[in-house]
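# Understanding the architecture of this molecule
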Amino acid sequence: MPATQTIVYDTGALVAAERQNARFLALHDELLTAGIRPVVPVAVLAQAWRGGPQHRLSRVLKGCMVVVDDERVGRAAGAMCATAGTTDVVDAIVVVTAIAHHAAVVTSDPGDIGRLADSVRVSVRLFDV
């Protein structure tokens, strides 16, 4: 169980949910049992959602708080992409959201998330799924 109060899920975490990744589902259940409600930026949901009945993903989302991004998040994510030399704005939004919530990140791509955080000299705890 992560020793943290807040968790942000990236797209890889939601994909893991839909694929019934046992490690991810166990972590998600532990978080909910501990009273931790994972945060999902709406851009992450948009990147993972493919329409139709995605029952597994929908079940996981019921325990999450989906947050709407605003201009401040958009500007910070764009600037972070420029600093890191990347174009993945959704990953940057995940990092901006994690920073704002003092949160760890559950990700399938710790290299990219870590590089973005490092680019702005912020340490973000990462959990690989």
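Notes on the structure follow. (Residues numbered from 1 in each chain as written. Predicted model: local features only at pLDDT ≥ 70, side-chain atom pairs only at ≥ 80, totals over all residues. Heavy atoms only, no water.)

### Considering a nonpolar patch on the surface
Taken together, the side chains of Val42, Val66 and Val68 make up a nonpolar region of the molecular surface, amounting to roughly 240 Å² of accessible area. Note on placement: Val68 falls in the loop between strand E3 (65-67) and helix H5 (71-84). Overall, Val68 belongs to the exposed group, its relative accessible area being 71%. (Patch = residues over 30% accessible without salt bridge, like charges linked within 9 Å, V, L, I, M, F, W, Y side chains within 5 Å. Areas by Shrake-Rupley, 256 points an atom, 1.4 Å probe, with all protein chains shown as cover. Salt bridge = Lys/Arg side-chain N within 4 Å of Asp/Glu carboxyl O. Helix = DSSP H or I, 4+ residues; strand = E, 2+ residues; numbered from the N terminus. Buried < 20%, exposed > 50% of the residue type's maximum accessible area, 1.4 Å probe, protein only.)

### A look at the nonpolar core
Of all hydrophobic cores here, the largest spans 45 residues; its most connected members are Ile7, Tyr9, Leu14, Phe24, Val40 and Val106. Among the elements that take part in this core, helix H6 (residues 89-101) stands out by supplying 7 residues, more than any other. (Core = buried A, V, L, I, M, F, W, Y, C linked by side-chain atoms within 4.5 Å.)

### A short note on unusual backbone geometry
A positive phi is found at His102, a non-glycine position, where the angle reads about 50°. Structurally, His102 can be placed in the loop between H6 and strand E4 (104-107). One non-glycine residue, Arg121, lies in the positive phi region at around 55°. Among the structural elements, Arg121 can be located in the loop between helix H7 (110-119) and strand E5 (126-128).

### Thoughts on the environment of Leu45
The topology assignment puts Leu45 in helix H3 (residues 42-48). A sequence separation of 45 residues divides Leu45 from Val90, and the C-alpha atoms of the two residues are 9.9 Å apart. Each residue touching Leu45, except ones within four places of it in the same chain, is listed here: Leu14, Val40, Leu61 and Val66. (Contact = heavy atoms within 4.5 Å.)

### Structural notes on helix H4 (residues 55-62)
Looking at H4, one finds that the buried residues are Leu57, Val60 and Leu61. Angularly, the buried residues of H4 cover 100° about the axis, an arc narrow enough to put them on a single face. In H4, the exposed residues that point more than 90 degrees away from the buried face are His55 and Lys62. Here the buried face of H4 lies against strand E1 (7-9), helix H1 (11-18), helix H2 (22-33), strand E2 (39-41), H3 and E3. (Arc of directions from axis to C-beta.)

None of this, on its own, says anything about what the molecule does.
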